Every structure is written in structure tokens, then in C-alpha cells.
Number of protein chains: 2
Amino acid sequence: MSLREMSGIGAAVVAGVLVGFSLIVDGLNLWPMPASVSYGSRTLYFSKDLQLRTEESNYSDVSGILKDGFSRMIDVIQTTHVVDGNVPSSGALHGLHVRIFSLDDELNFGTDETYKLFIPESGDDTYAYIEAQTVYGALHAFETFSQLCIFNFDTRIYEIHSAPWKIVDGPRFPYRGLLIDTSRHFLPLPIIKKVIDSMSFTKLNVLHWHIVDRESFPIQTPSYPNLWKGAYSYSERYTVDDAQEIVQYAKIRGINVLAEIDVPGHAHSWGFGYPSLWPAVDCPEPLDVSKEFAFQVLDGILSDFKKIFKFKFVHLGGDEVNTTCWTTTPHISKWLKEHHMNASDAYTYFVLRAQKIALSHDYEVINWEETFNNFGEKLSRKTVIHNWLGRGVAEKVVASGLRCIVSNQDKWYLDHLDATWEGFYMNEPLENITKPEQQKLVLGGEVCMWGETVDASDIEQTIWPRAAAAAERLWSPIGKLATNPNQVATRLAHFRCLLNQRGVAAAPLFGLGRAIPPHQDSCMRQ
Amino acid sequence: MSLREMSGIGAAVVAGVLVGFSLIVDGLNLWPMPASVSYGSRTLYFSKDLQLRTEESNYSDVSGILKDGFSRMIDVIQTTHVVDGNVPSSGALHGLHVRIFSLDDELNFGTDETYKLFIPESGDDTYAYIEAQTVYGALHAFETFSQLCIFNFDTRIYEIHSAPWKIVDGPRFPYRGLLIDTSRHFLPLPIIKKVIDSMSFTKLNVLHWHIVDRESFPIQTPSYPNLWKGAYSYSERYTVDDAQEIVQYAKIRGINVLAEIDVPGHAHSWGFGYPSLWPAVDCPEPLDVSKEFAFQVLDGILSDFKKIFKFKFVHLGGDEVNTTCWTTTPHISKWLKEHHMNASDAYTYFVLRAQKIALSHDYEVINWEETFNNFGEKLSRKTVIHNWLGRGVAEKVVASGLRCIVSNQDKWYLDHLDATWEGFYMNEPLENITKPEQQKLVLGGEVCMWGETVDASDIEQTIWPRAAAAAERLWSPIGKLATNPNQVATRLAHFRCLLNQRGVAAAPLFGLGRAIPPHQDSCMRQ
């Protein structure tokens with residue numbers, strides 16, 4: 001770009017075009033920022049033929065997770081432009097040599113996600129080198145590598161600038177989640193898969209699937225096959241196979257699926273299949289606490305879930321329980337008296353009994369914070385409390401010795417359109433938690449995409465780029481995080497443009513959640 | 001779904017759930033509606049193993065267009081659910097037998113798109129039968145077939161209800177377009193490809209690529225290699241190879257790409273590479289009419305385009321030309337006087353000379369309607385006038401003997417968010433044109449997705465489902481079109497849900513353009 005040619009043009013245009021041209025080429029445009037990065041000043045080149053080498057790796061890749069991940073990386077790099085130039089003989093990068101130490105590719109909470117990525121500056125037979133404990137660390141290394149690749153428009157090949165690179169990386173928190181809600185609006189499989197793809201770009205690792213709520217029951221549960229009669233329509237349903245497909249699709253991208261079945265509130269839709277679960281047809285929630293059948297059905301659902309969802313945790317909800325229908329329905333009111341319970345006792349009773357059922361299926365339990373706020377001392381010590389109402393809960397939870405996931409709605413609810421990316425970025429899960437043993441009890445955090453106004457048409461731009469801002473908070477060491485979000489605005493704008501280039505409908509940064517581009521301009525300035 | 005089980009539940013819920021369940025199974029849910037359809041009452045079944053047979057076909061499919069189209073159809077059908085059930089021995093559909101008469105698979109304006117699709121009710125070795133003049137007709141038949149396939153959630157296989165089917169189909173208009181604008185916002189390749197995918201679902205057949213405008217010049221033009229210095233940024237550009245990739249991607253889906261280079265207005269961005277094209281740096285539009293260089297550059301661009309864009313037409317714009325910079329810039333004002341022209345004459349001169357250059361490259365020319373409105377009698381008789389300002393233009397154009405494409409902005413501009421799908425559906429290109437020989441001069445119509453507030457994050461839901469409403473107007477025989485849009489609302493809602501199931505972010509019907517779902521509910525009711 002010739003400055004001289006543009007002299008005399010409005011300064012805004014000059015600055016604008018230059019900003020665009022310079023940022024991509026020279027910036028350290030990685031998102032989320034790795035724990036440790038150093039780099040040099042040489043350039044490497046590659047075309048379409050990057051090779052994968054795995055000598056000295058203990059991991060056999062029988063299931064193809066590494067090989068598929070490598071192919072996907074190549075596809076993602078090459079999706080935006082046709083790559084058909086010739087690589088110069090000097091400075092050619094031939095491929096990636098991946099060494100994985102663990103034989104095991106089970107994915108679960110706590111799976112090692114660390115990796116090292118070394119890109120040499122040159123050599124006769126130049127390979128980048130990746131070292132990871134598990135294949136999932138190697139997948140993160142692939143993602144980081146992909147973000148270093150820059151298309152050269154003149155030569156039509158890819159380049160890696162600023163070699164040699166030495167990146168040593170791993171997550172700050174083991175739980176980095178995103179909630180989707182398939183009850184308020186059904187989300188078709190391709191949409192969920194695309195959300196999972198994007199999560200892998202940001203190194204998020206838990207898809208919290210809020211499957212069922214009062215509005216619809218979209219999933220097949222063979223133990224109680226009438227439950228999905230509560231689906232919105234014939235076609236707005238998931239078979240067991242569909243759910244397994246989602247779990248597998250996520251797994252090979254290093255993402256766990258946390259299933260939620262929210263009890264005893266948020267369960268109106270259960271009764272379309274089994275009306276006796278309703279206290280009364282005109283008072284359908286919470287689930288009828290007086291019926292053994294309610295617990296039998298929950299047991300059946302969790303038995304079905306256990307065959308699909310292999311994550312260590314299941315989420316049992318427990319939030320927003322309005323017990324009015326229990327006290328106003330004669331047979332339940334009678335049952336309460338017989339059992340010397342008031343409605344609040346019955347709420348405790350239901351949640352604790354649900355926990356026991358989940359524990360009997362070898363799940364550890366996550367519950368929304370109301371359970372802790374109301375009867376925290378009675379909860380199973382294996383409970384993880386999921387904060388959502390506000391700040392300050394995590395410190396009480398960990399002080400009590402329980403574990404916690406942070407999702408305070410004022411900052412990390414994606415359906416709050418006035419929650420800005422700056423707020424997502426700055427929300428610190430360890431706020432006011434200083435003791436190392438208590439800090440360890442904060443498993444991480446989660447951004448929540450509730451579905452009341454979100455369906456297949458608008459979910460991507462409501463999630464991204466704000467969820468990416470939180471993803472860096474959850475991944476990068478606290479010392480690497482910006483103390484003022486303005487410091488990362490340009491890098492996040494670059495990452496949102498990268499998402500766009502990969503076909504993800506990430507919204508402009510500047511505006512409220514799901515903002516449209518306000519006027520014509522470069523992606524980088526919106 | 002048991003009605004009895006739901007007795008006593010609110011009527012809205014009962015009606016709602018039932019609407020959802022019944023519509024999908026029993027309706028004639030094809031979009032756009034074929035010219036002729038008859039069907040029966042038998043059911044056929046198939047799983048993952050549909051076969052393609054091509055005996056008696058003259059077409060050799062050397063380029064794989066048919067085979068790839070068949071694979072894509074299978075993928076699209078199976079994208080929403082895992083298909084793993086067993087097909088009953090009776091009623092099994094084994095595949096599709098396609099017979100194509102033409103050897104040729106060149107795609108251009110006027111390529112035969114008709115097809116016949118017969119699905120028998122049963123037989124020992126049951127194949128659906130497709131007959132088409134060209135492979136592109138066969139692709140339309142695949143799309144129609146895919147819309148007849150219904151997933152059975154109990155058996156986990158696909159079914160075709162209401163066999164035997166006999167469908168004889170072809171388009172009402174040969175030109176059925178959608179405009180995208182990559183100047184106001186850059187659209188990455190994967191986004192453009194997804195728009196093309198969706199166009200094929202609605203049988204639209206022309207992607208009008210408004211490549212360049214005043215804001216940015218994102219495409220490589222080897223003849224004048226500095227032009228893309230007018231791009232927004234380093235990465236917001238298309239190489240020649242990228243453009244060829246788009247053309248090829250569209251072609252194998254039966255979609256032509258119409259390239260537009262809008263002159264002499266809307267050309268500010270040209271001057272970032274060649275400032276002498278500007279009348280003055282502080283008065284940069286229209287292109288400097290006094291310079292031979294302006295016409296040399298246009299000639300170079302069209303020479304480059306001819307290698308990429310094989311469509312019979314090129315679009316030369318010609319709209320919204322404000323000639324103030326010509327009269328206020330001394331050297332142009334002087335040139336006008338020397339050539340005995342006023343500014344209006346110079347506008348005519350520029351457009352006619354641009355037309356001649358395009359004709360010399362064997363393109364026929366499309367111009368926006370201002371050229372016709374101002375000096376229609378002087379235009380090349382090979383000109384197609386592209387209406388946009390309002391209604392009533394087409395009848396004047398065809399009365400003058402020129403051809404016309406209809407895009408009146410009040411109804412068919414997708415960036416007009418208050419233009420409803422009902423308006424898109426009801427906009428009739430032949431309004432007030434009754435003579436058959438004049439009707440033939442209306443090549444068709446086009447919906448326009450101008451890019452001021454549209455980028456990768458919101459283009460899909462701004463285009464769909466409204467463009468689909470216009471697509472039926474342009475495809476189906478007038479006698480098959482609804483006289484009241486309410487008659488097709490349910491079918492269009494079903495089609496928008498189908499788009500969602502295929503991963504397309506089509507917005508709810510009920511609301512303005514790009515509306516979000518206003519509250520939790522079934523896709524079918526939004």
C-alpha cells in the first residue's frame with residue numbers, strides 16, 4: 001500500500017486502510033492468548049501439502065481423533081482462499097510433527113489440555129513440533145497453529161511470520177463452558193455442530209446442554225418413551241442416536257457435553273407424555289413431589305443419559321422453584337402434612353433425592369445456586385454449585401468447601417443483550433477468592449445462551465464474539481489478561497473477523513449483543 | 001400424539017403441538033411449488049444407501065456435476081438426524097434413476113432447467129425416475145426429491161409419503177436472481193458459498209455479484225493490479241482464483257454468476273490504486289470521463305472478468321450518477337466544453353462507451369434503469385434494463401423493445417427491513433404487461449441484498465426466508481401462485497424450518513426482515 005498514492009485523501013480513510021493492512025500481517029493475533037509465547041522475525045512458507053508426522057508418539061490414534069483434527073485444521077486454514085501457489089525452496093514448512101505422551105483418549109473433566117508448539121525458523125526438512133500429554137492438548141496446538149497462518153495474496157500460499165515460535169500453553173481453569181438451550185427453541189443438529197466448531201476455535205471445553213425446560217421436551221428417553229411427546233412438533237426432536245452424535249462430534253474436538261435435566265421446576269413439558277407428573281393440569285409445575293413416579297422417571301432419564309453423556313457431571317438444575325402448586329393442590333398438600341414437611345422442606349427433599357439418584361448412576365452433580373442458597377449444608381459434598389444470580393456467591397460456596405462454576409448473569413448471560421464484550425472479558429471468577437485451596441474449588445466459568453429469543457437464525461451472532469471474550473478470561477493466565485479491555489479490542493476484532501472468514505456469523509464488537517454492522521466498513525473496525 | 005392425554009391443557013398448547021405434528025407429515029410441503037404435481041397414498045422407505053443409476057442417459061458426467069449433486073442431496077437429507085434404522089423389505093426405495101438427454105453441461109442464460117420426477121408406489125426393485133434435458137434440470141429434481149423425504153423418529157429411516165409421485169416442472173422465468181454486495185462489507189468465501197447453497201434450495205439461478213462500489217475494491221484485476229489497493233484491508237480481498245472458485249461452486253449447483261462493475265458512479269474505491277481516475281482527490285466520483293485511462297482500465301477489468309465470469313451478461317451499473325465533480329473540476333469542465341457536451345451528455349457518452357467495451361468482450365450488458373430513463377433510445381439493443389426505483393418501469397422497457405429484470409426496491413430490496421415476505425411473494429414482474437411478445441422480454445426478477453448493514457454475521461437471516469418467497473413467484477406458474485399470501489404462510493414457515501434444519505440461519509417469518517424469534521415457541525409458529 002503506497003502512502004504517497006493516498007496523500008491528500010481523508011485521514012480517516014488512510015488510517016482505516018492502513019490499520020487493516022498492518023494489523024493482520026504483524027500483530028500477535030492469537031485468541032485466547034497462550035500462557036507463554038516467544039517469537040522471532042523469519043518467515044516460513046507452505047502450500048496445500050502439510051504433512052502430519054507422529055514418530056515417538058505413544059498415542060496410536062486408533063479412533064482417528066488426531067488425524068481428523070489435523071485434516072480439519074488444514075480445511076479451516078484453507079477455507080477462505082484458493083491456495084495454489086508454489087512454495088519457495090528456502091523457508092518451506094513441510095508439516096507438523098506431533099508427539100503425544102498419553103495412550104488414552106478418554107475425554108472428561110480434568111483431562112490434560114496442555115501443549116507445546118515450536119515452529120523453527122528454517123532447516124532442511126522443516127517441521128513444526130507439537131508436544132502434548134493428550135491428543136486434546138494437540139488439538140489446541142492445531143488451533144493455535146492455524147491462527148498463525150497468513151495467506152499471501154500475491155503468492156497464493158500461506159506464510160508463518162515471526163518464526164521461530166515457542167509457545168507453552170495450557171488452561172487456567174479446567175471448566176470453560178457455554179450453555180445452549182434446546183427447549184425454548186429447538187436447535188437442529190447442524191446448528192449445534194457449528195456452535196461446537198466455534199467453541200473449539202476459542203478453546204472452550206464444555207457444552208452445557210440445557211436440553212429440557214417447561215416449554216418443550218425434545219429428546220428421546222427410551223425408559224419413558226412418552227416424554228418427547230412434549231416436543232414442540234414432530235420434527236423438533238433428537239433421537240438417542242442424534243444425542244450420541246453430538247457427544248461424539250464434541251468429543252473429537254476436545255469438548256465435553258454436560259447434560260442438564262432441570263428438576264423439580266422447569267418441567268411442565270414432562271407432563272405431555274405423563275400427565276400424572278403434574279400436580280394438576282391447571283397447575284403443572286414443579287413435578288409432583290408426592291409421587292414416587294416422579295423419581296422413577298428421573299431415574300429412568302438418568303439411566304438413559306448415562307448411556308449417552310459420559311461427562312463426569314450431570315446438571316440437575318434446581319433453580320426457580322415456585323412451590324405454589326404443591327401447597328394449593330389437595331393431594332400434595334395432604335402428602336406434605338403426612339410427611340411433616342412444608343413446601344420448602346419438600347423442595348430440599350426433592351433436590352437431595354434427585355442428587356442421590358444421580359450419584360447412584362455414578363454422576364457427580366451440578367445444581368444451580370438456589371439449592372446452595374437455601375440448604376447448602378445438606379447438599380452432597382460432591383455437588384458443584386452453578387452460580388447465576390449475581391456476584392459474591394462463588395466465595396461463599398468455596399468457603400463452605402463445595403466447588404463452584406461462575407455464570408453471574410449480569411456479565412455472562414449471552415441473552416442479556418446489554419452485557420457487553422468488555423463485561424464478558426473482565427468478569428473474574430476468582431474475585432475476592434484469595435486462598436489457593438479455595439481458588440482450586442472454582443472449576444471455572446460458563447457463558448449462558450438461554451433460548452427465549454434465540455433459534456437457528458440468530459444463535460451464532462448472539463454467542464460470538466462475546467463468548468470468545470470470556471474464553472480468554474477462562475484460558476489465559478491472569479497475568480496475561482488485560483486490565484483494561486481496550487487493550488485487547490483490536491485483537492478481539494481480528495479474531496471476530498477470523499470467525500467470519502471461517503463462516504461463523506460472529507457479530508460486530510461495537511454495539512450490544514447480536515448487534516448488526518451499523519454502516520459500511522471493514523470488519524476490523526466494527 | 002394422544003389427544004386424550006392432553007385434554008385439559010390450554011387450547012393454545014394443544015393446537016400448537018398438533019399443528020407441528022400434523023403439518024410435516026401430511027402436507028404438500030414443496031417450495032417453490034412445482035408446475036405440476038400429482039401424488040397417491042403409499043409410503044416408501046430408504047436408509048443410507050440410495051443408489052444413483054444413469055442408464056440410457058446421454059450425459060456422461062465427466063465433470064462429476066451429477067454425481068456430486070447426488071452426494072450433496074444425500075448429505076442434505078441426512079444432515080439433521082442420524083439414519084441407522086432398517087428398511088422393511090416391502091416398500092423399499094433403492095435409489096434414483098436419472099436420464100439426461102443433453103450431452104452438454106455448459107451453464108448459461110437460457111439453459112434448460114426442466115425436469116420430470118416420478119416416484120413409483122412400489123415394485124421389486126424400486127427406483128425413482130428423473131428425466132431432464134440437462135444436468136441442471138436433474139439438480140432441481142434432486143432438490144424437489146429431498147423435500148419429499150421425511151425422517152421417521154421411531155424407525156430412524158427416511159420415508160416418502162403419498163407415493164406415487166408424478167412431478168413435471170420447470171421455471172416460469174429464465175432469470176431468477178439474488179444480489180450480494182461485497183463492497184460495503186467484505187463477504188468471506190464460506191459465507192458466499194453458503195448463500196449459493198441456499199439459492200439452490202430455492203431454485204434461484206443467478207448470483208448477481210455487486211463486487212465493487214465506492215467503499216472498497218476487493219477483487220484482484222491482473223490487468224490493473226493496483227485496483228485492489230482500494231480494499232478495506234489486506235485480508236478483505238478475493239484473488240482471481242477465489243472468484244473462479246465461486247463461479248465453479250455456483251455452476252455445479254446450477255447457478256450463474258453475474259459480475260457487476262458499476263460505472264461511472266459508485267467508483268471512488270478505484271482511485272486508491274489509480275488516483276488519476278478521480279476527477280480530484282477531494283471530488284472522487286464519477287470516474288474521470290475526460291481520461292482515456294478510465295476506459296482503458298474498464299477494458300482491462302472486463303478483459304480480466306471474461307476469463308472468470310462465463311455468464312452471457314455483465315452488469316455495468318450506471319445508476320445514481322451525480323456529475324457535480326465533472327462540472328466543478330476545471331480540467332473536466334474544459335474537456336466538456338471542447339467536446340460540446342454538458343454533464344448529462346457526458347453521462348450518456350460514458351455509459352454507451354462502456355457498453356461498447358463490454359460488447360467487444362462478447363458480453364451482453366445489463367444496466368440499472370437510470371440509463372433507460374435518461375437515454376433509453378441510445379442504448380445498445382442488447383441491453384437488459386435492471387429496474388430498481390419503482391413499479392411501472394418494466395412495462396416501458398419492454399414496450400421499447402428492450403429486455404428487463406425486475407427488482408423494484410419497495411418490494412424486492414432485502415435491505416429494506418420493512419419489506420415483508422408477503423410483499424416479496426406478491427410482487428408480480430409481469431404486472432400490466434399482457435402482450436406475449438412483451439412478456440417474453442421480462443427475463444425475470446432479482447432480490448437485492450445491499451451490504452450497508454449486512455456482513456458475515458447477519459446476511460443469511462436478512463436474505464431468508466424473504467428471498468424464498470420471491471423465488472416461488474419467479475419459479476412457479478402464475479396459476480399455481482397464491483392470490484393471498486396467507487394461503488402459503490404455513491408452507492413457507494415449513495420451508496424456513498427446513499432451511500434451519502439444513503443449518504441455514506433463515507429468520508422467522510412473522511416480523512420485519514431479519515427479525516429475531518420474539519419468544520419461545522416452535523419454529524413452525526414463528
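Residues numbered from 1 in each chain as written. Chains lettered and ligands numbered in written order. Predicted model: local features only at pLDDT ≥ 70, side-chain atom pairs only at ≥ 80, totals over all residues. Heavy atoms only, no water.

As annotated in an unreviewed UniProt entry, chain A carries the name Beta-hexosaminidase and is attributed to Vanilla planifolia. A UniProt comment under Catalytic activity (unreviewed entry) is attached to chain A, and it reads "Hydrolysis of terminal non-reducing N-acetyl-D-hexosamine residues in N-acetyl-beta-D-hexosaminides." Entered under Sequence similarities (unreviewed entry) in the UniProt record, the comment concerning chain A runs "Belongs to the glycosyl hydrolase 20 family." (UniProt positions renumbered as here; feature names shortened; annotations may be inferred.)

*Asks:* Describe the environment of Glu460 of chain B, and please don't skip the residues or the numbers.
*Replies:* Residues and elements named next belong to chain B. Note on placement: Glu460 falls in helix α16 (residues 459-463). On the accessibility criterion, Glu460 (11% relative accessible area) is buried. Put simply, Glu460 and Ser198 are 262 residues apart on the chain and 9.0 Å apart in space, counted from C-alpha to C-alpha. For Glu460, the residues in contact, after removing those within four places along its chain, are Lys194, Gly503, Val504 and Ala505. (Helix = DSSP H or I, 4+ residues; strand = E, 2+ residues; numbered from the N terminus. Buried < 20%, exposed > 50% of the residue type's maximum accessible area, 1.4 Å probe, protein only. Contact = heavy atoms within 4.5 Å.)

*Asks:* Quick one: what's the story with the domain arrangement of chain A, residue by residue and with numbers?
*Replies:* Residue and element names in this part refer to chain A. Domain annotation of chain A identifies domain 1 (3-169) and domain 2 (175-477). Each of domain 1 and domain 2 has a C-alpha centre, and the two are 36 Å apart. Domain 1 puts 22 residues into the contact, and the matching count from domain 2 is 26 residues. Of the roughly 2,100 Å² buried between domain 1 and domain 2 on both sides combined, carbon and sulfur atoms contribute 58%. When residues of domain 1 are sorted by the area they lose upon contact with domain 2, Trp31, Pro32 and Phe109 head the list and together hold 32% of the total. The interface formed by domain 1 and domain 2 holds two salt bridges in total. A salt bridge links Glu113 to Arg176; the shortest N-O distance between them is 2.7 Å. Counting across the domain 1 and domain 2 interface gives 11 residue pairs in polar contact (both at pLDDT 80 or more). (Domains from an automatic or database assignment. Buried area = accessible area lost by both parts, 1.4 Å probe. Salt bridge = Lys/Arg side-chain N within 4 Å of Asp/Glu carboxyl O. Polar contact = N/O pair within 3.5 Å; in protein donor to acceptor, adjacent residues only side chain to side chain.)

*Asks:* Can you break down the interface of chain A and chain B residue by residue, with the values?
*Replies:* Each partner contributes to the interface: chain A provides 78 residues, whereas chain B provides 79 residues. The three residues of chain A that bury the most area against chain B are Phe153, Tyr234 and Gln520 of chain A, which together make up 12% of that side's buried surface. Notably, a salt bridge pairs Asp455 of chain A with Arg496 of chain B, separated by 3.2 Å at the nearest N-O pair. The tally of links between chain A and chain B comes to 30 residue pairs in polar contact (both at pLDDT 80 or more). Taken together, the elements giving at least two residues each to the side of chain A that touches chain B come down to α1 (3-6), α2 (11-26), β6 (149-152), α5 (189-202), α6 (240-251) and α18 (489-501) of chain A.

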